[in-house]
Structure formats: C-alpha cells, structure tokens
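Overview (structure and organization)
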Amino acid sequence: MTVTEEPTAAVREVGKDRRRKEDQRLITGRTRWTDNMQLTGMLHLAMVRSPYAHARITNVDMSAAQQAPGVISVLCGRDLKDHQGELPCAWPITDDQKCMAHPAVAVDRVAFAGEVVAVVAARTAAQARDAAELVDVDYEELPAVVDLKKAAADEVLAHPELGTNVSATWVFDSAEAGSGGDVEDSIRDAEVLIEREYRQQRLIPSFMEPRSTVVDPTGEQFVMWTSTQVPHILRLMLALTLGVPESKVRVIAPDVGGGFGGKLQVTPEEIITFLMARQTGKPCKWTETRSESLLSAHHGRDQWQKLTLAARRDGTVTGLKVELLADMGAYLGLVTPGVPILGAFMFNSIYKFESYRFECRNIFTNKTWTDAYRGAGRPEATFAIERLMDELAAELGRDPLELREQNWIRHDEFPFSTVAGMEYDSGNYEAATERAKELFGYDELRAEQARRRESGDRVQLGLGISTFTEMCGLAPSRVLGALSYGAGGWEHASVRMLPSGKVEVITGSSAHGQGHETAWSQIVADQLGVPFDDVEVLHGDTQISPRGLDTYGSRSLVVGGQAVVMAAKKVIEKAKPLAAHVLEANVDDLEFSDGRFTVRGAGADQEGLGLAGLALRVFAAHDLPDGMEPSLDADATFDPVNFSFPHGTHLCAMEVDTETGETTMRSYVCVDDIGNVVNPLIVDGQVHGGLVQGIAQALWEEAVYDDQGTLVSGSFVDYTLPTSADTISFVTDRTVSPATSNDLGAKGVGEAGCIASTPAVVNAIVDAVRPMGVQDITMPCTPERVWRAIHGGGRGGATEESAMPHFEEDAPNQDNPGTEGGQL
Amino acid sequence: MTRISVRVDGVTYSDEVEPRTLLVHYLRESLGKTGTVVGCDTSNCGACTVHLDGRSVKSCNVLAVQADGHEVTTIEGLADGETLTPLQEAFRDCHALQCGYCTPGMIMQATDLLRENPSPDEAYVRQHMEGNLCRCTGYHNIVKAVLQAAGATATGGEQA
C-alpha cells in the first residue's frame, strides 16, 4: 500500500475529519434557497410548455390569460424573438458541427415536449399558474423522432432544416494521434474478439432543490439569484446572449440544493425571468415544480455503445474499438456535444492497449436535451470497459480480477502515457485491489458462489468488479482549447487579511453541497497558521468573487483548492518585508511556520510576529517599509498542466432470486485512491452519494419516453430514485498515491463513486446468472428484465415495450372518445 | 378565503387563506418559515415534512385549513434556543447532509421515528425513512446519524 505519511504536526488541519461549517444553518432551517427570496413588488412566473414533441405553433391566444386576476404580463415567442437571442453551446466539437438555434421561448416550432411556448407573470405564483392554463396554443403536429437508432438513420428529422439528425462525428484514433497502433490491425490479428453492444439509458440528474431564479431589475445592475452550479459562466453567457454589458449583471448562487451536473447550464427559464423582469421593471421569480424539472431540466447519458475488444488467448488485451451513438436530445446545451467526448480518453481505462479507436456520432432527437450528469462521459466509458473485461474473463474461463491485473498498468510503470494520449501521473491498482479483496472477503465469497451453483440454490450469488479510473480536475486550458471548448479551465482565489486578523477566502468554485467552506478553511488554516474558525470562505456571487469557472467535473479542490494555496503563499510573501522591517532583520533570514515569522538563528524562545498582528499594522499603515503598498491581500489563478487520475477497486456482491428476478445487494466494498485527503468525512460522503447514483443507474432509474415523445417517467412516482430502504451501508477505504499536478496532492472525488459503481453492480448480476446462459442485462436491471434474461429473453427487453401501449382498445376504464369526460 | 388559527413553533397565527392553500405554502409564504421546503409535487420526497400535533406529516399533502386549531412544529422550532436536539447534533456529527435540501424533512421524520421507537435497528430506520428522498448522501450517513442519536451504532458497513 502506498500510503504517504502526513506531517505529524498537531496543528495540521488538512487530513482532519472536521465537522462542516455549513451544517449549522442547514440543520436549523436557516437556509437561503433562491425560492426563499421575497422582494417588494415581486412578480411570479409560470411557463406554458408544449405537450408535443415536434409541432409547428400556428397561433398563441393569450387574451384570456391577460384578463385573468393578478396577471401583469403574458409573453410568447413572437413577443420575445428579437430580444431573447439564442441559448449558448460552448462546445462545438467539430468545425462542421450542426447546431439548431435554441430560443428560450419557442417562436414557430417546438422540438421537444416541455419546451416553453409562453410565460405568464402575475402577483402570486398561484395566479400565474392559473393564467398559464388559459393560454391557448394551436399546434400542427409534425413527425417526431424519439428512438436514438432510428434518429441516426435519418428516417425522420428532429430539425428538418438541418437535413440530418447527425450533429457531429468525432474521432480519436491512436494510429493517427501517434499514441498507439491501428485498431483494425489488432482486430485482424486477434485470437479472441469480444463484440458487444451496451445501452446507457437516459437518466435525470434529480437534484433535490427544484430550480429557481429571481431577477431584480431595480437599481443600476440586474441581480439574478439562481440555483446554479455556474454563476460566473452564467453571467458571461447572459451578457453574450442578451447583449447586456457584463458589468451590468450580477449573478448570485445562494444556497444551492445539489446539482450533479444538472445545474451546469444556462437555462431558458433564466433567460425568460431576466427578460420578464426587464420588461415589467419588477423583480420576477420563477420556481419549477418537480414535474417541470424532470421534463425540462437537461437529462444525462443516453448512448448506444458498440464495442470490439481484441485480445490474445493468454488474456492480454490488444485493441479496443468504440463506436458510440450519443443522444443530444432536441438542442445542444452548454456542454452537450462534449459530454460523450470526455469519455473518449477513458475507455482504455487502466489497461495497456496497443491500439484504440473512438468514434462518436452526436444525434438529435425530439426529446429533452441532454448535458452533463455526474461523471459526464466517464461513467459510460468505465461501464463499457469493465463489462468487457468481465466478458473476456468469461470467454477465457479466467478469474476477472486476475485478468485485469494481467493487463493493468503496474505501480512501477507510472508516469504512464496511455493509448488515448493521456499521461497518468500516479496510481497503484495493486494496492487498492488487495485492500478491497481483503475487506470484501473475495476468496470466501467465490467459494460460497461455487457451493450455491453446485447445489442449484434458487438464490444465486454474483460478484461484480470495477477497477476504474477517471480524469478529474477539468481542465488544462490548452487541452480544452485543443478540444474546441469555448473557455479555459483555470480557477481563481483571493485571500484577504482583515485588520482584526480574520481571513476571508474568496473562491471561484461554487459549492452546492460539497463542503468547500469547511475544506478551504482547513487548507488556509494550514497555509497561514490561523485558526480554522478564523477563516471565512466566500463564493457564489460574481460581485464578491469576480473571477471563477465554478464547480463541476471534480475540479474544485484540485484546481480551485490549488488557487487558494497559491493565494495564501502570496500573502506570506507580501507580509515578509513588513515582518523583516518590524523584527529589524533581513528578509532572507525570516522563517514562516504555524502563522509566525521568526528570525533564523534568533533562538527558540523568540516571540516572532503573527500574521494577525501584521494585518493590523498594514491596516494602520503608519510604519511600513519604503515602497510597500498597505495591503497583504493576494489573488491567484491556477491553470493545471495535467488532469488528475483517481482510481479504485469496487467490489459488489448481489444475490439474484432466479425464480422472481429480484436482486438484493449483499455487500459493497470500495477502496479509492483519490490522492491526499483534505477532509475524510467529506470524502466518504461524496463516495457514498456517488455510489448510490451509480447503483441507481444499474438497478432503478430510467427516463422513459413513449413513441409520441412524451416523458412517461415525469414524476418521482415514475422516475424511481432509490430510498433508504432500497440501499445498504457501504464499506469504504482508501489507498493514497498523491497527484503530482497540484501542491495538495489531491485528485478529486466528486464523481468517483458514480463512475465506478454501475458496472460493479451489473457485473455482479450477470455473474450470478451467467451459468444460465446470460451474458448481458439491459439497465436498469429490473426484476422483470433479470427474469426474462434468465428465461431466454436475451437482455431482458426494452423499457419502451413494457411501457406501451398505455391504453388498450376495448379495455375497461378507458376514456371513450365519444363522451366528454369519459364513461363511468 | 377561510380564517384559520394555527400554532406554529410556539406562536399562534390567525390568517385568512385560500381553501386550496397547502400547509407548506402557508408556512413558507405567509409565515416565512422557509426552513421547510418543497421538493416534489407527488408527496414522494418528504422534504416538506413537519410535525402536526407531534406526528410527522408531509406538509405538501395537508391543506392549511386542515391545520386549523392544531399545532405545527417545523425545523425552525426544533432546537431549544442554541441547544440543538440530539438528532440535529448527530446529523452534523455523522455528516448526514451535503446540500442540505432534504435535511429539514429528514430530521423531522427521524424525530418522529425515534419517538415511536427509541431503539431502532438499521433495518427499522431504513424502512421508516423511505418516504424521504436524498440525492447527495446515499443515505449511509443519514441512517448512521439516526442510529447514533438513538444511542446505537450501525450494524452494516463502516469506514474500514
């Protein structure tokens, strides 16, 4: 095990399981969610949304709504078309990418069910909703394309004027990139070929706080409070989209109730609320219902993966060919096209392939648009390769862990340049796996599995493995530039020394549950030698934190945290001349530790000078060295030179009732290597939550559309988030090989659990029933699908087939079209 | 409009409400009790859980007029001044919250759970918290916190 010893100084904060600073207000209800905002004269908005997946808007009659009680304004696309601009897509992945203009309010055509066609502003939320019911929209239905594969065949066009549903085709080929050989050679020479097709179902991020936006147009600047992960990006995009000077817009992300990528967006509703506030001159608030959220906030995943793995008979993998279809939905959101591309660098994972080719076709359909969801591209890649490694092991009759070890990068081979062109800086797959096996009782469980197979037990045991890695710390700006992303990947921080000795840390990261206030306080307490409680972390307001690129992609600690470290170091450098001046010593003779400057060689009993005292001297500025500006405050911007590569070994034991198809998780062990840890309590929490989101993809969640393009899993009744009763307690542990890309040695943990767990669960279920001839079960692995797979039903069938038809002709209790309101 | 009189967190309020007003909207918009939040529209998520005469209810599933003459406790009325309840303390101590949006409902539900069964085991806690959804924690630390507040320890997996 490669555990790096932390310095043993008792004062060290980093590494402590500090209880969170954030919690006091959250456990007492003293929270500031956007929907809590009440401003004098505030109006409330309600959206009118299209019930059709694809239709021409022939008329919008707003007269009844305009006459309704309390209604101040009703606007439709016609009214807004010259003011609303187009919603931004910041990631054109190819030069010839096809992109459909995305208005906040549809003008003459809707392209998915849930698209906004009109907006009502009224004195109360209830009045707005009542009036929205009175807006009469005439539609002329157009053919809708819902199925991803049919869309890829261009049978029906999501946007007829584009002439195709293919938005872009993006290719990485190791032979062309010079990072490996030609995959066709590997396939031709393969002794074993594993060819599989996997479905990544459509998921909905389902953050617990529904989205809400308030815009106050009074005063010199527009102020927007909004439940967003990206206040800085949003401010810039509002300026670019609406033609408002950036300096006239302030965006505040107050307490934000989760995001998971789902609030990494510039939303139509944010634009609409802004426009309505500008039009009425009054503060406006929009808060969505959960059903609205599931319908219209962006979705995630939704891919078909066609995979070819080439190997030698001795188990050595040689080539990997990946052909993806990725469903964009109806429009390209902020980073929609890039999400599957983030997976391009991860399909090869921890294994040493000679050749690799990745090709992804981004496809439009008439469904809610997709974009980032926890992991974004990397869960899909991890699922594919970890499923394939199990399939190869089964094909060769090998233990799947042993086969992985034969192929993975050994700990003495780092740094390692991968076939996908990444340079992995550190890792130790042997250590994490060894520890996970021990905690799991791998050998004992294998023996039990054999016994139960032998005895023909009705409930079979399966063991699932996922030895994952991911790329975190988005991202080196030059890499983003090479991938045609519209922005950089740096992060900014400031450290302000207040005269009283307290410290304010301003971060461009924008937390929404991650605990940055606590972790950043720990980092700064160590850097400056000040008490943890003396550090105040400020974020999420573009007026307080003017520079930042926000929170997503497991970037906050490894990029934003490093910026904080750099800013703190600058404060010490700025304080040095003053300390030397006061101590009447040479600057070069000063030492700084535990918050105090001392003079080298002046003895252990010297009092030295603390930073707090120096801050007060700077505030007074009565006696500063010549030429010193009266400030210790410092800014830093960090642009990483490389990604970080967390990894881990996840082991899952599932029991499968072969008569009913019911699956039960028996145990789950994960040992993650996320580099050095700032706060183990927070890290474990991130892992637990990620695990359950990944497990939920394997077992329960799916956004299902009917053939008309209607979302039929549009509430929490149908979109089945796991509950406490569905889940178990986990066993977590860590090994540590520090990252080399930042001073903290941290790698990032926000997405790890979600990336790793999905294939571990599916591998376990397939492992349980493989002797019955099953080699795959489509996600989510519902009891019905598992049962069908066991009983010769292939992969268990598509959800759409069991979801339709909703209404059988001649069946009882159906509306009779001939009678108003149906029959009794 | 209907006149109601409700005691909320120790204060008696008398208000005219629209009969269709949900208790959660009355609490948030009329009384400013914004600690109680709305997470769904199908009474699945439990974020709005409060106590009605000491029993947990989902306040999105109760009309304000149904609370007339009754006593409501919200997350804001749980602590005794600066003194937190054992459950509030346990939630912080066990890191049973991340974004914190589900937390008021979780704590109110768990308070009622422990009133009914002061010595639950893990399975009991998991069954009786299933009406409250959390997207951040994976429930691991929530279950742990409820057990800790009850003076018990989790029987399942632990930090190794």
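Calculation criteria
Residues numbered from 1 in each chain as written. Chains lettered and ligands numbered in written order. Predicted model: local features only at pLDDT ≥ 70, side-chain atom pairs only at ≥ 80, totals over all residues. Heavy atoms only, no water. Helix = DSSP H or I, 4+ residues; strand = E, 2+ residues; numbered from the N terminus. Rg over C-alpha atoms; globule rule 2.2 N^0.38 Å. Buried < 20%, exposed > 50% of the residue type's maximum accessible area, 1.4 Å probe, protein only. Contact = heavy atoms within 4.5 Å. Expected span 1.5 Å × (residues − 1). Axes fitted to C-alpha atoms, helices over the stretch in contact; angles between N-to-C directions. Parallel < 35°, antiparallel > 145°, perpendicular 65-115°, else oblique. Left-handed = near helix turned anticlockwise from the far one by under 90°. Nonpolar A, V, L, I, M, F, W, Y, C, P; charged D, E, K, R; others polar. Pairing = 2+ DSSP bridges. Salt bridge = Lys/Arg side-chain N within 4 Å of Asp/Glu carboxyl O. Core = buried A, V, L, I, M, F, W, Y, C linked by side-chain atoms within 4.5 Å. Domains from an automatic or database assignment. Buried area = accessible area lost by both parts, 1.4 Å probe. Polar contact = N/O pair within 3.5 Å; in protein donor to acceptor, adjacent residues only side chain to side chain. pLDDT = per-residue confidence, 0-100. Phe/Tyr/Trp six-rings, centres within 6.5 Å; stacked < 30°, edge-to-face > 60°.

Here we look at the overall build of chain A
Helix and strand counts for chain A come out as 23 helices and 28 strands. Here the C-alpha atoms of chain A give a radius of gyration of 28 Å, agreeing with the 28 Å that 2.2 N^0.38 yields for 824 residues. Within the span of chain A, comprising 824 residues, buried residues form 64% of the whole. Taking as baseline every contact in chain A between residues at least 6 positions apart, the subset at least 24 positions apart corresponds to 79%.

Here's the deal with helix H9 (residues 268–280) of chain A
In an α-helix, one turn spans 3.6 residues; hence positions three or four apart end up facing the same way. Residue and element names in this part refer to chain A. Taking 1.5 Å per residue, 13 residues should reach 18 Å; H9 reaches 18 Å between its end C-alpha atoms and fits that length. The element H9 is largely enclosed, with a buried count of 11 among its 13 residues. For H9, the full list of buried residues reads Pro268, Glu269, Glu270, Ile271, Ile272, Thr273, Phe274, Leu275, Met276, Ala277 and Thr280. One or two residues past the end of H9 sits Gly281, with phi positive at roughly 75°.

Overview of the packing of helix H20 (residues 680–699) of chain A against helix H21 (residues 752–769) of chain A
All names here are of chain A. It is at 7 Å that the axes of H20 and H21 come closest, and there the two elements cross at 45°. For the element pair H20 / H21, the angle class is oblique. Helix-helix and strand crossings are classified by hand; for H20 and H21 the assignment is right-handed. Here Val687, Gly690, Leu691, Gln693, Gly694, Ile695, Gln697, Ala698 and Leu699 of H20 come into contact with H21, specifically with Gly753, Cys754, Ser757, Thr758, Val761, Val762 and Ile765. In terms of residue class, the contact of H20 with H21 is made up of 9 nonpolar, 7 polar and no charged.

A closer look at the sheet that holds strand S22 (residues 590–593) of chain A
Residue and element names in this part refer to chain A. Reading across from one edge, S22-S23-S24 is the order of the 3 strands in this open sheet, with antiparallel pairing throughout. If you trace the sheet from one side to the other, it starts and ends with S22 and strand S24 (609–610), each paired once. Summarising the sheet, S22 and strand S23 (residues 596–599) pair through 4 bridges and their orientation is antiparallel. Paired with Phe592 across the strands is Phe597, a residue of S23.

Regarding the pattern of salt bridges
Residue and element names in this part refer to chain A. Evaluated as defined, the whole model comprises 75 salt bridges over all chains. Residues Asp526 and Arg12 are paired through a salt bridge, measuring 3.6 Å at the closest nitrogen-oxygen approach. Placement of Asp526 in helix H17 (residues 516–528) and of Arg12 in the segment before helix H1 (23–28) is noted, with a sequence separation of 514 residues between them. Residue Asp526 is classed as partly exposed on the basis of its relative accessible area, which comes to 21%. Arg666 serves as the salt-bridge partner of Glu655, at 3.1 Å between the closest nitrogen and oxygen. On the criterion of sequence distance, the pair formed by Glu655 in strand S26 (residues 647–657) and Arg666 in strand S27 (residues 663–673) is long-range, its members being 11 residues apart. Its relative accessible area of 35% is what places Arg666 among the partly exposed residues.

Brief notes about the nonpolar core
In this structure, A:Leu309, A:Phe347, A:Phe358, A:Tyr668 and A:Val761 are the most contacted members of the largest nonpolar core, which totals 149 residues. Among the domains, domain 2 (34–142 + 208–258 + 263–296) and domain 3 (169–204 + 298–473 + 642–822) of chain A are the pair contributing at least three residues each to this core.

Side note on the interface of chain B and chain A
Frequently, the measure chosen for interface size is the accessible area removed from exposure when the parts meet. Each side of the interface is counted separately: chain B has 49 residues, and chain A has 59 residues. Interface of chain B and chain A: buried area, both sides summed, is about 4,500 Å²; carbon and sulfur atoms make up 53% of it. Linking chain B with chain A are 4 salt bridges, by the criterion used here. The residue A:Arg19 makes a salt bridge to B:Asp93 at a minimum N-O spacing of 2.9 Å.

Here we look at the packing of helix H8 (residues 231–242) of chain A against H9(A)
All names here are of chain A. Remark: H8 packs on H9, axes separated minimally by 11 Å, with the N-to-C direction vectors making an angle of 60°. Taken together, the axes of H8 and H9 are oblique relative to one another. At the point where H8 passes H9, the crossing takes the right-handed sense. Two secondary-structure elements touch here, H8 through Leu234, Leu238, Thr241 and Leu242 and H9 through Glu270, Ile271, Phe274, Leu275 and Arg278. The residue makeup of the contact of H8 with H9, split by class, is 6 nonpolar, 1 polar and 2 charged.

What to know about unusual backbone geometry
All names here are of chain A. Residues Phe414 and Pro415 are joined by a peptide bond in cis, for which omega reads -10°. Following Met779, the chain continues to Pro780 via a peptide bond in cis, the omega torsion being -10°. Position of Pro780 relative to the elements: it lies in the loop between H21 and helix H22 (783–790). Its identity as a non-glycine residue notwithstanding, Ala376 has a phi of 40°, on the positive side. Summarising the element assignment, Ala376 is placed in the loop between strand S15 (355–364) and helix H12 (378–396). Positive phi, close to 65°, is recorded for Ser484, a residue that is not glycine. Checked against the element boundaries, Ser484 lands in the loop between helix H16 (477–482) and strand S19 (491–497).

Regarding the pairing of strand S8 (residues 192–203) of chain A
Residues and elements named next belong to chain A. Extensive coverage of S8 is indicated by the burial of 9 of its 12 residues. With 11 bridges joining them, S8 and strand S13 (residues 300–311) adopt antiparallel strand pairing. For Arg199, the partnering residue across the bridge sits in S13 and is Trp304.

Here's the deal with the domain arrangement of chain B
All names here are of chain B. For chain B, the assigned domains read domain 1 (2–76) and domain 2 (86–154). In this structure, domain 1 and domain 2 have C-alpha centres spaced 22 Å apart. Listed per partner, the contact involves 18 residues of domain 1 and 14 residues of domain 2. At the junction of domain 1 with domain 2, the criterion picks out 2 salt bridges. Note that Arg55 is salt-bridged to Asp112, the shortest N-O span being 3.5 Å. Seen at the junction of domain 1 and domain 2, the total is 9 residue pairs in polar contact (both at pLDDT 80 or more).

Focus on the pairing of S19(A)
All names here are of chain A. The buried fraction of S19 amounts to 6 of the 7 residues, a majority that puts the element mostly inside the structure. Relative to strand S25 (residues 634–638), S19 runs antiparallel, the two being bridged by 5 bridges. Within S25, the position partnered with Ser494 by the bridge is Asp635. Across 5 bridges, the pairing between S19 and strand S20 (residues 503–507) is antiparallel. Paired with Ala493 across the bridge in S20 is Thr507. As consecutive antiparallel partners, S19 and S20 are separated by 5 residues, and within that stretch Gly501 has a phi angle of approximately 95°, a positive value.

As for the confidence of the model for chain A
Residues and elements named next belong to chain A. Scored by pLDDT, chain A comes out at a mean of 95, with 96% of its residues at no less than 70. For the stretch residues 1–9, pLDDT sits under 50, and the model shows 14 contacts to residues farther than four places along the chain or on other chains. Under a pLDDT of 50 for its full length, residues 814–824 has, in the predicted model, 7 contacts with residues more than four places off or in other chains.

Brief notes about the domain arrangement of chain A
Residue and element names in this part refer to chain A. Assigned domains of chain A: these are domain 1 (23–31 + 490–638), domain 2 (34–142 + 208–258 + 263–296) and domain 3 (169–204 + 298–473 + 642–822). Computed from C-alpha coordinates alone, the two centres of domain 1 and domain 3 are separated by 41 Å. The partner domain 3 presents 19 residues to the 18 residues of domain 1 that form the contact. Buried surface at the junction of domain 1 and domain 3, both sides included, amounts to about 1,200 Å², of which 61% is carbon and sulfur. At the junction of domain 1 and domain 3, the tally comes to 0 salt bridges. Where domain 1 touches domain 3, the interface holds 7 residue pairs in polar contact (both at pLDDT 80 or more). Listed by contribution, the elements that provide at least two residues to the side of domain 1 that touches domain 3 are H17 and helix H18 (556–583). No other element matches the 7 residues that H18 contributes to the side of domain 1 that touches domain 3.

Things to note about the packing of aromatic side chains
Residues and elements named next belong to chain A. For the coordinates displayed, the defined rule picks out 17 aromatic pairs over all chains. Note on Phe172 and Tyr356: the rings are 5.9 Å apart at their centroids and 40° apart in plane angle, and the pair reads as tilted. Of the two residues, Phe172 sits in strand S7 (residues 166–173) while Tyr356 sits in strand S15, which places them 184 residues apart along the sequence. Each member of the pair, Phe172 as well as Tyr356, carries the same accessibility label: buried.

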